[in-house]
Amino acid sequence: MTILIVEDEPKTARLLRELILDAGPGSEVVGICDSIQGAVRWLEESPAPPGLIFMDIHLADGISFDIFTRTLVRSPVVFCTAYEDYTLQAFRAGGIAYILKPFREEDIAGVFARIEQIRHIDIPGALSATFLIRNRDKMYPVAARDIALVALENEVTYLYTFDQAKHPLFKGMEEMEAVLDPAAFFRINRQMIVGREAIREIEPLSNRKVRVHTRVHPAEEAVVSRLKVTDFLHWVERPVNPGA
């Protein structure tokens, strides 16, 4: 994997380069830029985008988010900073991880481990088909195929994953419904979107609703609203790849 480093502190850039080469066997650092202007020029003049960018947020000539408004960034980005205040902007810019300085070996190794997982997802645009979640002082992507359901609880949107973890999201339910594959996910009511692979069994209720028993355990029961029951049952029976 080719790597571009955007970092204006030479000592930090050298340390990051060493950690990257140690954590990512076969990785090649193809450039180190120390400014917004330099990064924009490198990205525009390079014959191919790097496989991954490690990008500081505070640079000598401004905030690195300006790079995204000046040129097309086609590579996944790991944001590296001493500040916790930019997680939402990093998420909106399409960052796949958010690492706080000072760097640790396990932070960089964790990025490469996650990248390797994502690269094995057999769907178009796999790197972009992810959702950022925050874990302590870092941010990590969760692939859509790992999501069991999405639930709105106390006005906060949460991802429930098949490993029985629960993660808060920066996205609302409407946004999640719009970006998730409708062949794989169904919004059963205002508060919940259920993944097809998460369904264990469906239980009819007396009020013409149905209860969905899932492979994870959300805070609220997964009950399909009455007006959606027919569509939901048809969706469950529908082939994932019609005509395949």
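Let me sum up the structure you'll find in this document. (Residues numbered from 1 in each chain as written. Predicted model: local features only at pLDDT ≥ 70, side-chain atom pairs only at ≥ 80, totals over all residues. Heavy atoms only, no water.)

### Re the nonpolar core
- By size, the foremost hydrophobic cluster in this structure holds 20 residues, and its most contacted members are V6, I53, M55, I67, F79 and Y98.
- If you list the elements that add at least two residues to this core, you get β1 (2-6), α2 (36-45), β3 (52-56), β6 (77-81) and β7 (95-100).
- At four residues, α2 tops the list of elements feeding residues into this core.
- The contact partners of I67, leaving out residues within four places of it in the chain, are V6, I36, A39, V40, L43, M55, L59 and V73. (Core = buried A, V, L, I, M, F, W, Y, C linked by side-chain atoms within 4.5 Å. Buried < 20%, exposed > 50% of the residue type's maximum accessible area, 1.4 Å probe, protein only. Helix = DSSP H or I, 4+ residues; strand = E, 2+ residues; numbered from the N terminus. Contact = heavy atoms within 4.5 Å.)

### Quick word on the sheet that holds strand β12 (residues 166-168)
- Across the sheet, which stays open at both edges, the five strands sit in the order β12-β11-β10-β14-β13 with antiparallel pairing between neighbours. Where the open sheet ends on each side, the last strands, each with one partner, are β12 and β13 (185-189). The average angle at which neighbouring strand axes cross in this sheet is 25°, direction not considered.
- In terms of strand pairing, strand β11 (residues 156-161) meets β12 through three bridges, oriented antiparallel. Pairing of L159 across the sheet is with H167, part of β12.
- Along the sheet, helix α7 (residues 229-237) contacts β13 and β14 (192-195); its crossing angle with β13, the most-contacted strand, is approximately 160°. (Pairing = 2+ DSSP bridges. Axes fitted to C-alpha atoms, helices over the stretch in contact; angles between N-to-C directions.)

### Concerning the packing of aromatic side chains
- Across all of its chains, the model carries seven aromatic pairs by this definition.
- When the centroid spacing of 5.3 Å and the interplanar angle of 45° are considered together, the rings of F65 and F79 count as tilted. Here the residue F65 occupies a position in the loop between β5 (62-63) and α3 (66-70), and F79 occupies one in strand β6, the gap between them amounting to 14 residues. For the residue pair F65 and F79, the accessibility class agrees, reading buried in each case.
- Taken together, a centroid distance of 5.4 Å and an interplanar angle of 65° make the contact between F186 and F232 edge-to-face. Here the residue F186 occupies a position in strand β13, and F232 occupies one in helix α7, the gap between them amounting to 46 residues. Neither F186 nor F232 differs from the other in exposure class; each is buried.
- Site record: aromatic cluster; members linked through ring pairs are F65, F68, F79 and Y86.
- The ring of Y158 has K166 sitting right over it, with the charged end atom 4.4 Å from the ring centre. (Phe/Tyr/Trp six-rings, centres within 6.5 Å; stacked < 30°, edge-to-face > 60°. Lys NZ or Arg CZ within 6 Å of the ring centre and 35° of its normal.)

### Describing the sheet that holds strand β17 (residues 222-224)
- An order of β15-β16-β17 is seen for the three strands of this open sheet, with the pairing classed as antiparallel. Every interior strand has two partners, whereas the edge strands, β15 (199-204) and β17, have only one. For this sheet, the mean inter-axis angle between neighbouring strands, taken without regard to orientation, is 30°.
- Across five bridges, the pairing between β15 and strand β16 (residues 210-214) is antiparallel. Within the sheet, the bridge partner assigned to E203 lies in β16 and is R211.
- Against the sheet, α7 touches β15, β16 and β17, its axis set at about 145° to β15.

### Side note on the pattern of salt bridges
- Following the criterion strictly, the structure yields nine salt bridges and no others.
- For the salt bridge of D56 with K101, the shortest nitrogen-to-oxygen distance reads 3.3 Å. Of the two residues, D56 sits in strand β3 while K101 sits in the loop between β7 and α5 (105-119), which places them 45 residues apart along the sequence.
- The exposure class assigned to D56 is buried, which follows from its relative accessible area of 4%.
- In this structure, the salt-bridge partner of D107 is R104, at a minimum N-O distance of 3.1 Å.
- For R104, a relative accessible area of 39% gives the class partly exposed. (Salt bridge = Lys/Arg side-chain N within 4 Å of Asp/Glu carboxyl O.)

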